[in-house]
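So the chains spell out like this:
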Amino acid sequence: MIQQFQNIEQVSNAAVRRIIEIARTAVAAKGFCTIVLAGGKTPQLTYEYLGNAPASQQIFWQQIHFFWGDERWLAASHPDSNFFMANKALLARVPIPHNNIHRINTGSANPEMGAEMYEKHLRAFFLQRPSGAENKMAGDMSFPSFDLVILGMGTDGHTASIFPGSNLLEEEKKWVAAVPQGIGAPPVARVTLTLPVLNRAENTLFLISGNRKREILHAILTRPAEAEAIYPAARIKPAGSILWLVAEKD
Ligand code: 6PG
């Protein structure tokens, strides 16, 4: 489904409403909710709004677990780090337990090791859950299912850190992968969740703003086969719901 808005403020308000709805439903059903955060600039306002009252008072922070769809290979204190942005905009402002923040650690020797460690962390997390995702894994042992995956899209059609032409478009086994060569903006190495994981999401929320991204979205919706060959974001075809929130203006 697509919802169009004039500006990013309206998109962010709609995103916050959707996040609250999904979080409350998951917590009521199984006692916790797993949310994958997007990086980049577009979601920043959504995170800020989510941390503001009254939105923040509608979330059971003790039961929410945050993960990242991708991370740039930068120190956690670097302003371009996806963790840094989400922490500043949201996490540091709400009463979420430290153990519920599952950031992609960029402190290890290289992105390959970082990816391996994050995958191990995710496997341990999902195996320990007494319900929800763990039950799903019993039916589908290979991949976890997050309650909500928030994604952005680049003006080249990349999503998370899966870029056009990447061999990660063919990944079938890993949950998390390294992008060792510097790419994107900023042009640094990255660690990303893979398509099989992103496509197991219960709910997916894309935040889109600006003309170029709207053109790509139009191609994805109207010429899907063609778009899939060009834009990684077109390869996001999750098992669950997908909502595109689109702002006309950048
Ligand atoms: C990243 C991302 C990436 C992002 C898009 C859009 O770390 O770069 O997670 O996939 O969502 O590049 O970025 P903007 O919102 O800044 O345009």
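What comes next is a walk through the structure.

About the criteria used
Residues numbered from 1 in each chain as written. Predicted model: local features only at pLDDT ≥ 70, side-chain atom pairs only at ≥ 80, totals over all residues. Heavy atoms only, no water. Buried < 20%, exposed > 50% of the residue type's maximum accessible area, 1.4 Å probe, protein only. Helix = DSSP H or I, 4+ residues; strand = E, 2+ residues; numbered from the N terminus. Arc of directions from axis to C-beta. Contact = heavy atoms within 4.5 Å. Phe/Tyr/Trp six-rings, centres within 6.5 Å; stacked < 30°, edge-to-face > 60°. Near = heavy atom within 4 Å. Polar contact = N/O pair within 3.5 Å; in protein donor to acceptor, adjacent residues only side chain to side chain. Areas by Shrake-Rupley, 256 points an atom, 1.4 Å probe, with all protein chains shown as cover.

Those residues of helix H2 (residues 44-51) that fall on the buried side of the exposure criterion are Thr46, Tyr47, Leu50 and Gly51. The buried side chains of H2 occupy one side of the element, clustering within an arc of 130° when seen end-on. On its buried face, H2 sits against helix H1 (8-30), strand S2 (33-37), helix H3 (82-89), strand S5 (148-151) and strand S8 (203-209).

Let us now look at the packing of aromatic side chains. Tallied over the entire structure, the rule returns 9 aromatic pairs. The interplanar angle of 75° and the centroid separation of 5.1 Å between the aromatic rings of Phe67 and Phe125 together place this pair among those described as edge-to-face. In this pair, Phe67 sits in strand S3 (residues 64-68) while Phe125 sits in helix H4 (residues 111-128), placing the two residues 58 residues apart along the sequence. Exposure class is identical for Phe67 and Phe125. Each is buried. Cluster of aromatic residues (ring-pair linked, three or more members): Phe32, Phe67, Phe125, Phe126 and Phe146.

Time to look at the site of the ligand. Taken together, 15 residues lie near the ligand, and Lys41, Thr42, Asp70, Ala160 and Lys213 sit nearest. Taking Lys41, its main chain carries an N or O atom lying 2.7 Å from an oxygen atom of the ligand. Asp70 has a polar side-chain atom sitting 2.6 Å from an oxygen atom of the ligand. In the complex, 88% of the free accessible area of the ligand, which totals 420 Å², lies under the protein chains.

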